[in-house]
Structures are given as C-alpha cells and as structure tokens.
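Residue-level structural notes
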Amino acid sequence: MRPIDSLPSGADVVVIGGGVIGAATAFFASRSGLDVLVLERRPAVCSLTTAVAGGGYRLQQDNERDYRMVEASLEILGAFAEVTGQRRYDPRVRPQGYLWLTRDEAGAERQRRVVEAQRGWGLDDVDLLDADAIRTAFPFVSPDVVQARFRRGDGFLDPKALTMGFLEGSGAAVKVNCGVLGVDPGGDGPVQVRTTAGVVAADAVVIAAGPFSGIVAAMAGL
C-alpha cells in the first residue's frame, strides 16, 4: 500500500472503496501486473462496514459455487503471509466451529440434503448431530432443537487485518479523503472518475463501496 497525497492522472484500474472487497480487488489486480489506485472517501481505509464485520467464515455452504469460492479463500488465508508477501498483518484465522440448528423435521431433512451435497463436493468433516448428541456436546442448546450440523474447522478471522494485509501486499496507491463525485464511462476511451481531489482516468473501474455501491453505480448510469 502506497498512501498518496495527490491524485495521479490515470491508472489501469481504479477501485472505489477501501474495505475488504476493495482491498482484495487491489491485491489481485496488482498481482496481475496492473497499476491500481484505491479511492476511499473516509479519512482511513477499512473504517466503515468492514471494521465492524463479525469475521465469520465457513465452508458449510449450501451450493457448490459458494463452497468453491470459500475453499479458495481459505487456501489463501492458510498461507497469508507468503501469498501477500507481508508479515505486518495477520488475519488470525480461528477455527472455533460453526453450529447450525433446526427445530423441526423439515429443517432436519434440509440439513441432511445439504450435508450429502457437501460430501459430494469433498467436504467430509461436517457432523450431523441428533438431539442427544447435540445436548451432550452443547448443553446450552434449547431442548426443542432436534438436529444440528457442525464443522469444527469453520470459525472467525480478523476482517481489519485481512483488509490491511491485502492492501499492504498489493503495493497499490491509496488516496483517502477522496470522495467520488461522478463516473463517466467514457465510451471508447478511458473511464473518467471525478473526485473531490480531481479527475483520474482508468481503463477499468471497480465499485467496492459497500452500502454506497448503488449510489456510485448510478453515477455511471448503471
């Protein structure tokens, strides 16, 4: 990450938003050899929704697409320092387990189908627990729970450290206190991003502004 004071005239990719999605985008774009500029309208990156995220992660997905994405993410997290080339920020992956509960037979049947599908994808360490096994392992669970699925390898991480690690590893230019005022798609030419610090041209713009993404997208006519 390279904090900058003045806006450059252009970049290969402008990322709007300095949270975890913007940081990951900057990292992978930079790793592909692109010149990346991250714009953050607040005084600091990673200071809005990412900063208060719970940080839960789980391989217990109910569709294979999401499962494969999380699987790939966990491979990166398992070697985060080596992948990002920095040791300043550690996302502190903590596999404390993830427990899903159901109180009726319809929910129990859905759980059984999900676990069967997960095993077909290669996820074979999810346990299905009946009522007695649940209470033995987790005495605090309500007596009306009839079944649960549990994977000890799921857990939590530090979203802020993850974000800062991606940014640090990206080497991308980062401009804070830089609000976006307009986005001109540019037709056949570069995209023009108007900001409170000036105008920057880009071959591509990625909107990663969290709850403000719709507002920024509307500036580009999307």
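Before reading further, recall that the structure is shown in the block above.
Notes on the structure follow. (Residues numbered from 1 in each chain as written. Predicted model: local features only at pLDDT ≥ 70, side-chain atom pairs only at ≥ 80, totals over all residues. Heavy atoms only, no water.)

A word on unusual backbone geometry. Of note in the backbone geometry, cysteine 46 takes a positive phi value of approximately 55° without being a glycine. Residue position: cysteine 46 is located in the loop between strand E3 (36-39) and strand E4 (56-57). Within the chain, asparagine 177 stands out as a residue other than glycine whose phi angle is a positive 50°. As for its position among the elements, asparagine 177 is in the loop between strand E9 (173-175) and strand E10 (180-184). (Helix = DSSP H or I, 4+ residues; strand = E, 2+ residues; numbered from the N terminus.)

Applying the stated rule across the entire model yields 11 salt bridges. Here aspartate 158 makes a salt bridge to arginine 92, at a shortest N to O gap of 3.9 Å. With aspartate 158 in the loop between strand E8 (155-156) and helix H6 (159-170) and arginine 92 in the loop between helix H3 (80-84) and strand E5 (98-102), the pair connects residues that are 66 residues apart, well separated along the chain. Given the relative accessible area of 43%, arginine 92 is considered partly exposed. Residues glutamate 109 and arginine 113 are paired through a salt bridge, measuring 3.7 Å at the closest nitrogen-oxygen approach. With glutamate 109 and arginine 113 both in helix H4 (residues 105-121) and 4 residues apart, this pair spans about one turn of that helix. Residue classification places glutamate 109 among the partly exposed positions, given a relative accessible area of 32%. (Salt bridge = Lys/Arg side-chain N within 4 Å of Asp/Glu carboxyl O. Buried < 20%, exposed > 50% of the residue type's maximum accessible area, 1.4 Å probe, protein only.)

Let us now look at the packing of aromatic side chains. Counted according to the given criterion, the structure contains 8 aromatic pairs. A ring pair is formed by phenylalanine 27 and phenylalanine 166, whose centres lie 5.3 Å apart and whose planes are at 45°; its orientation type is tilted. Remark: phenylalanine 166 occurs in helix H6 and phenylalanine 27 occurs in helix H1 (residues 20-31); sequence separation between them is 139 residues. According to the relative accessible area criterion, phenylalanine 166 is buried, its value standing at 7%. Its guanidinium or amino end placed over the ring of tyrosine 98, arginine 58 lies 6.0 Å from that ring's centre, counting from NZ or CZ. Just above the ring of tryptophan 100 sits the side chain of arginine 149; from NZ or CZ to the centre is 4.6 Å. (Phe/Tyr/Trp six-rings, centres within 6.5 Å; stacked < 30°, edge-to-face > 60°. Lys NZ or Arg CZ within 6 Å of the ring centre and 35° of its normal.)

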